[in-house]
Amino acid sequence: MSIQIDEFSLAVSEILDGYAEDIQEAVAQAVEETGTKALKTVKAKSPVRKGKGGGRYKKGWRIKKERSGVLGTQAQVTVYNKTDGPLVHLLENGHQKAG
């Protein structure tokens with residue numbers, strides 16, 4: 001393939017644009033895979049209360065994947081607990097006692 005010198009900058013620009021899109025897609029997929037792994041880890045390490053209703057906290061974990069940007073190349077993943085959201089900080093840090 002041969003190109004004229006005045007078309008060189010356009011050809012390089014097209015190649016770099018294609019490369020940037022490939023990299024953005026790869027990063028977006030890596031973000032989604034990491035979010036899925038984080039969800040599995042959180043579910044595995046969540047405490048389960050014995051008795052009736054046990055496991056509700058563990059079963060409440062969800063993942064929310066969002067794509068934005070041009071052609072949906074920017075990914076964002078949020079791991080959250082749908083059933084017991086306000087309980088999360090207590091189970092991580094414990095209750096603070098008076099005095």
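Refer to the structure above for everything that follows.
Residues numbered from 1 in each chain as written. Predicted model: local features only at pLDDT ≥ 70, side-chain atom pairs only at ≥ 80, totals over all residues. Heavy atoms only, no water.

### Points about the overall build of the protein
Thinking step 1. In terms of regular secondary structure, the protein is built from 3 helices and 2 strands.
Thinking step 2. Across the protein, helices and strands are ordered from the amino to the carboxyl terminus as α-α-β-β-α.
Thinking step 3. Expected size for 99 residues packed as a compact globule is a radius of gyration near 13 Å; at 23 Å, the protein overshoots this value by more than 25%.
Thinking step 4. Overall, the C-alpha framework of the protein stretches about 75 × 30 × 20 Å when taken along its three principal axes.
Thinking step 5. A fraction of 41% describes how many contacts in the protein between residues 6 or more apart in sequence connect residues 24 or more apart.
Thinking step 6. Here the protein has roughly 8,200 Å² of accessible surface; of this, 55% comes from carbon and sulfur atoms.
Thinking step 7. For the protein, the centre of its 16 positive side-chain charges and the centre of its 12 negative side-chain charges are spaced 29 Å apart. (Helix = DSSP H or I, 4+ residues; strand = E, 2+ residues; numbered from the N terminus. Rg over C-alpha atoms; globule rule 2.2 N^0.38 Å. Contact = heavy atoms within 4.5 Å. Areas by Shrake-Rupley, 256 points an atom, 1.4 Å probe, with all protein chains shown as cover. Lys, Arg positive; Asp, Glu negative; His and termini not counted. Charge placed at Lys NZ, Arg CZ, Asp CG, Glu CD.)

### Details of a nonpolar patch on the surface
Thinking step 1. A contiguous nonpolar patch, built from Ile-3, Ile-5, Phe-8, Val-12 and Leu-16 and spanning about 490 Å² of accessible area, is present on the exposed surface.
Thinking step 2. Position of Ile-5 relative to the elements: it lies in the segment before α1 (8-45).
Thinking step 3. On the accessibility criterion, Ile-5 (76% relative accessible area) is exposed. (Patch = residues over 30% accessible without salt bridge, like charges linked within 9 Å, V, L, I, M, F, W, Y side chains within 5 Å. Salt bridge = Lys/Arg side-chain N within 4 Å of Asp/Glu carboxyl O. Buried < 20%, exposed > 50% of the residue type's maximum accessible area, 1.4 Å probe, protein only.)

### Observations regarding the pairing of strand β1 (residues 61-68)
Thinking step 1. Inspection of the sheet shows β1 paired to strand β2 (residues 74-81) by 8 bridges, in the antiparallel sense. Bridge pairing links Lys-64 to Thr-78 in β2. (Pairing = 2+ DSSP bridges.)

### What about the pattern of salt bridges?
Thinking step 1. The full count for this structure, using the stated rule, is 4 salt bridges.
Thinking step 2. For Glu-25, the salt bridge identified is with Arg-67, shortest N-O distance 3.3 Å. A residue pair is termed long-range when its members are at least 10 positions apart, and Glu-25 in helix α1 and Arg-67 in strand β1 qualify at 42 residues.
Thinking step 3. The class of Glu-25 is partly exposed, set by a relative accessible area of 27%.
Thinking step 4. The structure contains a network of salt bridges with shared partners spanning Glu-25, Glu-32 and Arg-67.

### Describing α1
Thinking step 1. With 38 residues, α1 extends 56 Å from end C-alpha to end C-alpha; this agrees with the ideal 56 Å at 1.5 Å per step.
Thinking step 2. Here α1 has its buried residues at Ala-11, Ala-28, Glu-32, Gly-35 and Leu-39.
Thinking step 3. As for α1, its buried residues are in contact with β1 and β2. (Expected span 1.5 Å × (residues − 1).)

### Some remarks on the environment of Tyr-57
Thinking step 1. Take Tyr-57: it is sitting in helix α2 (residues 56-59).
Thinking step 2. Looking at Tyr-57, the relative accessible area reads 9%, which means it is buried.
Thinking step 3. Residues Tyr-57 and Leu-87, spaced 30 residues apart in sequence, show a C-alpha to C-alpha distance of 8.5 Å.

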